[in-house]
Each structure stands twice: as C-alpha cells, then as structure tokens.
Amino acid sequence: MTTIRRFCCDDLLRFSSVNLDHLTETFNMSFYMTYLARWPDYFHVAEAPGNRVMGYIMGKVEGQGESWHGHVTAVTVAPEFRRQQLAKKLMNLLEDISDKIDKAYFVDLFVRASNTPAIKMYEKLDYVIYRRVLRYYSGEEDGLDMRKALSRDVERKSIIPLKRPVTPDELEYD
C-alpha cells in the first residue's frame, strides 16, 4: 500500500535513489530546505511499505494577479514504481492545493522538450504547451512551459499558447 504524506527533513536523507534518473533535476540541500520551509503544503513524498521512498513532488505558489499560480518544481517516481499512476496522484494533490487552498489560476511546470513520455503524461493530465523556452536546461536543451487551468480561470486565459518561443531571461520569477 502506498502512503502519500508531507515531506519532512528526514526524507532528504532517504530520497537520493529516486533522483538517479537522468531526466530528474537535482538540487542542493539548501534548495530543498527552502521549499520545505516556505511551501510545506507543496512538498509530498510517496512511500511503499517499509518506508521506502517511491517518489515525491515539490512545488510552490507564486505570481500576482491573474499570474497567481501553483508551480511544479519537481515530480519524480523511482523506475520500479512507475506505471502505477503515482505521478498522477502527486500532481492531483498539488493541483488541488493550488486550486482549493491558494485559489490559483493555473499550475505550471517545465519539462525537457526531449522528454516525450513526460510530455504525454502531462497532456493526459490536461496540461497544454504554453510556450517553448529556448536553452532552458543548462543553456543547451529547450524546455516546454506546460500549464493547466484551474477553476478560478473560468475563461482559461492562462493556457492560451504564446506564438513565439522565449529565452530564460524573459521568464518571470518570484
């Protein structure tokens, strides 16, 4: 049975095996600690029996006005636990928090343009490609900014795709 719960400091010492996937972005410990301290509602871990880490999701809420949104910073599932809809459950949790608690207009995420399996999964979860970000990953690979409108965005304006690609320095960060 899978348990999904809030991420805690001890998990930082147990989740490295999940991060071994070459498509998973990894960060330094202070980055994870910042997310844990500032946005604890957006940081969850999935555990298998025996407290084995199956995957996690880390995100935040940011923006102003109609740009107020939930952001998925990282979602990853260990290879042996994939194809069990675990990423979907984690994504749904972050979307529900963004929608019902923080009243965000949309959720966004960035994904490598070459990561076709992830792009297809996000599309099944009703995400659309909002824009291409040139050389987003390490200044080499393009990223796709994908978005899903939430209930507050009745007219779904937040997911109308941009017609041209952007560069990383054109992105808005909070």
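## Looking at the overall build of the protein chain
Now for step 1: Tallying secondary structure elements over the protein chain gives three helices and seven strands in all.
Now for step 2: The secondary structure elements of the protein chain, listed N-terminal to C-terminal, are β-α-β-β-β-α-β-α-β-β.
Now for step 3: Relative to the 2.2 N^0.38 estimate, which gives 16 Å for 174 residues, the radius of gyration of the protein chain is 16 Å and therefore close to what a compact globule would have.
Now for step 4: A principal-axis box enclosing the C-alpha atoms of the protein chain has dimensions of 50 × 35 × 30 Å.
Now for step 5: Taken across its 174 residues, the protein chain has 48% of its residues classed as buried.
Now for step 6: In the protein chain, once contacts between residues fewer than 6 apart in sequence are set aside, the share between residues at least 24 apart is 61%.
Now for step 7: Carbon and sulfur atoms provide 52% of the accessible area of the protein chain, an area that totals close to 9600 Å².
Now for step 8: If the 25 positive side-chain charges of the protein chain are averaged to one point and the 26 negative ones to another, these points end up 4 Å apart.

## Description of the pairing of strand β2 (residues 43–48)
Now for step 1: Burial analysis of β2 places six of its six residues in the buried class, the great majority of the element.
Now for step 2: With burial as the criterion, each face of β2 is covered, one bearing Phe-43, Val-45 and Glu-47 and the other bearing His-44, Ala-46 and Ala-48.
Now for step 3: Note that strand β1 (residues 3–6) and β2 share four bridges and pair antiparallel. Its bridge partner being in β2, Thr-3 is matched across the sheet by Glu-47.
Now for step 4: Here β2 runs beside strand β3 (residues 52–62); their pairing, made up of six bridges, is antiparallel. Counted as the bridge partner of Ala-46 is Gly-55 from β3.
Now for step 5: Joining the antiparallel neighbours β2 and β3 is a turn of three residues, in which Gly-50 adopts a positive phi near 85°.

## Details of the environment of Tyr-136
Now for step 1: Along the chain, Tyr-136 turns up in strand β6 (residues 128–137).
Now for step 2: Assessed through its relative accessible area of 24%, Tyr-136 is described here as partly exposed.
Now for step 3: Counting along the chain gives 23 residues from Tyr-136 to Ala-113, while the straight-line C-alpha distance between them is 9.7 Å.

About the thresholds
Residues numbered from 1 in each chain as written. Predicted model: local features only at pLDDT ≥ 70, side-chain atom pairs only at ≥ 80, totals over all residues. Heavy atoms only, no water. Helix = DSSP H or I, 4+ residues; strand = E, 2+ residues; numbered from the N terminus. Rg over C-alpha atoms; globule rule 2.2 N^0.38 Å. Buried < 20%, exposed > 50% of the residue type's maximum accessible area, 1.4 Å probe, protein only. Contact = heavy atoms within 4.5 Å. Areas by Shrake-Rupley, 256 points an atom, 1.4 Å probe, with all protein chains shown as cover. Lys, Arg positive; Asp, Glu negative; His and termini not counted. Charge placed at Lys NZ, Arg CZ, Asp CG, Glu CD. Pairing = 2+ DSSP bridges.

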